[in-house]
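# Overview (structure and organization)
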Amino acid sequence: MLIRVRPGWALRESEVTDEGLWRARRRFLSVAAGLAAAPALARAASEATMTAPLPDVRPDPAPPPGERPNTWEQITRYNNFYEFGTGKRDPARYAGRLRTRPWTVVVEGECERPGEIGIEDILRGFPLEERIYRLRCVEGWSMVIPWVGFPLRRLLERFRPTSAARYVAFETLHDPERMPGQHRRILDWPYREGLRMDEAVHPLTILAVGLHGRVLPNQNGAPLRLVVPWKYGFKSIKSIVRIRLVRERPPTTWSQAAPHEYGFYANVNPDVPHPRWSQRYERRIGELRRRPTLPFNGYAEAVAHLYAGMDLRRFF
Ligand SMILES: Nc1nc2c(c(=O)[nH]1)N[C@H]1C(S)=C(S)[C@@H](COP(=O)(O)O)O[C@H]1N2
Ligand SMILES: [Mo]
């Protein structure tokens with residue numbers, strides 16, 4: 001969040017009378033005092049919203065060079081999570097009520113051992129790693145987020161996918177009592193996403209259970225959300241309760257709602273504009289300047305081969 005304060009020294013002396021000058025100085029001093037107190041206050045306020053630390057997190061061995069993660073405050077107060085409202089500040093306000101214990105994820109479909117797994121077993125069962133990733137929203141803003149999670153493929157392995165499993169489909173919890181945004185039919189609930197199997201088992205694809213070394217806050221998709229860093233943010237489905245291994249490409253929420261605007265792949269691509277705006281530039285939350293958007297969100301070296309020979313304008 002940007003707070004704009006007109007600095008006292010911006011007043012030119014010729015603008016003010018003696019009395020005015022005195023008032024301007026006094027204003028300057030109180031603004032300066034306010035600014036000095038601000039970081040401490042902000043720290044206290046943001047500590048109040050912080051979740052518990054996660055133990056035993058292996059640090060990211062390859063953080064993106066030259067990137068500084070966004071703050072806790074920025075990452076947890078500016079969100080898209082339509083189950084709690086369409087405003088960017090709605091999730092921080094309203095997601096707190098969602099109880100994420102107990103929580104069970106069903107894994108079913110084309111696998112030898114369909115079943116379910118509870119969030120406590122997930123937390124115990126997979127070594128947690130930090131992954132500092134860029135997140136690029138289709139709307140044109142971006143952040144750098146230090147996720148805590150583990151590769152999705154580690155979870156899928158446990159259920160033994162068969163060779164018939166060519167895609168993975170994901171669903172968010174559907175419970176309008178706990179997710180009041182679902183009382184409104186703005187989307188076809190539950191929120192659904194999908195990946196091709198090779199995308200799902202790619203080592204960059206993770207399930208996140210935390211950020212900034214702490215338990216994932218509800219507004220960011222607790223207790224378990226997908227993160228696919230080379231795709232637009234909407235692919236990173238939150239608060240997952242069902243994972244289905246399937247033969248056919250599964251329907252996904254945004255490509256169903258507006259098929260001309262959102263495709264199944266949704267790879268970040270500055271060369272393919274959204275029909276209503278360009279995707280060439282992005283604005284990092286907390287900055288004023290625009291940055292050029294990178295192909296595959298900067299992860300081309302790791303993932304471009306997955307799409308060799310595909311027309312990325314057609315398969316957007
Ligand atoms: N269930 C669900 N998942 C969702 C969304 C949503 O509305 N519902 N929004 C998506 C969009 S558009 C973005 S940009 C990211 C935002 O993640 P963040 O709030 O953790 O930054 O979540 C994605 N996952
Ligand atoms: Mo997004």
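Computed from a predicted model, the values in this text were never measured in an experiment.

### Focus: the overall build of the protein chain
When helices and strands are tallied, the protein chain shows eight helices and 13 strands. Evaluated residue by residue, the protein chain yields a buried proportion of 48% over its 316 residues. Intrachain contacts of the protein chain at a sequence separation of at least 6 include 70% that bridge at least 24 residues. Of the roughly 16600 Å² of accessible surface on the protein chain, a fraction of 53% belongs to carbon and sulfur atoms.

### Quick notes on the site of ligand 1
The local shell around ligand 1 holds 16 residues, among which N79, Y82, E83, R225 and K238 are the closest. N80 is positioned with one of its backbone polar atoms (N or O) 3.3 Å from a nitrogen atom of ligand 1. Note that a nitrogen atom of ligand 1 is positioned 2.9 Å from one of the backbone N or O atoms of S236. Class assignment for the residues of the shell around ligand 1 results in seven nonpolar, six polar and three charged.

### Quick look at the sheet that holds strand β2 (residues 104-109)
Either a parallel or an antiparallel arrangement is found when strands of a sheet pair, and the pairing is made through backbone hydrogen bonds. Spatially, five strands are ordered β3-β2-β11-β6-β7 in an open sheet, and the strand pairing comes out mixed. A strand with exactly one partner marks an edge of an open sheet, and here the two such strands are β3 (115-118) and β7 (192-196). Strand after strand, the sheet turns through a mean of 20° between neighbouring axes, direction not considered. As paired strands, strand β6 (residues 167-172) and β7 are joined by five bridges and run antiparallel to one another. Following the sheet pairing, A169 is matched in β7 by G194.

### Digging into the confidence of the model for the protein chain
Residues at a pLDDT of 70 or more form 85% of the protein chain, whose mean pLDDT is 90. Counted against residues more than four places away or in other chains, residues 1-35, with its pLDDT under 50, gives 13 contacts.

### Details of the pairing of strand β12 (residues 281-284)
Side-chain alternation along β12 places E282 and R284 on a buried face and Y281 and R283 on a face that remains uncovered. Where strand β5 (residues 141-151) and β12 come together, two bridges link them in parallel fashion. What sits directly across from S142, in β12, is R284. Here β12 pairs with strand β13 (residues 291-292) via two bridges, running antiparallel. Within β13, the position partnered with Y281 by the bridge is P292. Remark: six residues form the turn of the hairpin made by β12 and β13, two consecutive strands paired antiparallel; G286 in that turn has positive phi of roughly 100°.

### Concerning the environment of P114
Structurally, P114 can be placed in the loop between β2 and β3. Counting along the chain gives 131 residues from P114 to L245, while the straight-line C-alpha distance between them is 9.6 Å. Once you skip the residues sitting within four places of it in the chain, P114 turns out to touch V107, E108 and F159.

### Brief notes about the environment of W72
Assignment of secondary structure puts W72 in helix α2 (residues 72-77). Sequence separation of W72 and L211 is 139 residues, and the distance between their C-alpha atoms is 8.2 Å.

### Some words on the packing of aromatic side chains
One pass over the structure, following the stated rule, counts twelve aromatic pairs. A centroid spacing of 5.1 Å and a plane angle of 85° characterise the contact between Y78 and W141, whose relative ring orientation is edge-to-face. Within this pair, whereas Y78 is found in the loop between α2 and α3 (90-94), its partner W141 is found in strand β5, the two being separated by 63 residues in sequence. You can call Y78 partly exposed: its relative accessible area is 27%. Here R134 stacks its cationic end above the ring of Y299, 5.5 Å away from the centre of that ring. The ring of F264 has K235 lying over it, and the distance from NZ or CZ to the ring centre is 4.3 Å.

### Examining the environment of M197
Counting through the fold element by element, M197 comes out in helix α6 (residues 197-200). What makes M197 buried here is its relative accessible area of 16%. Taking the C-alpha atoms as reference, M197 lies 9.8 Å from R247; in sequence the two are 50 residues apart. Once residues lying within four places of it in the same chain are set aside, the contact partners of M197 are P161, A165, R166, Y167, V168 and L245.

Conventions we followed
- Residues numbered from 1 in each chain as written.
- Chains lettered and ligands numbered in written order.
- Predicted model: local features only at pLDDT ≥ 70, side-chain atom pairs only at ≥ 80, totals over all residues.
- Heavy atoms only, no water.
- Helix = DSSP H or I, 4+ residues; strand = E, 2+ residues; numbered from the N terminus.
- Buried < 20%, exposed > 50% of the residue type's maximum accessible area, 1.4 Å probe, protein only.
- Contact = heavy atoms within 4.5 Å.
- Areas by Shrake-Rupley, 256 points an atom, 1.4 Å probe, with all protein chains shown as cover.
- Near = heavy atom within 4 Å.
- Polar contact = N/O pair within 3.5 Å; in protein donor to acceptor, adjacent residues only side chain to side chain.
- Nonpolar A, V, L, I, M, F, W, Y, C, P; charged D, E, K, R; others polar.
- Pairing = 2+ DSSP bridges.
- Axes fitted to C-alpha atoms, helices over the stretch in contact; angles between N-to-C directions.
- pLDDT = per-residue confidence, 0-100.
- Phe/Tyr/Trp six-rings, centres within 6.5 Å; stacked < 30°, edge-to-face > 60°.
- Lys NZ or Arg CZ within 6 Å of the ring centre and 35° of its normal.

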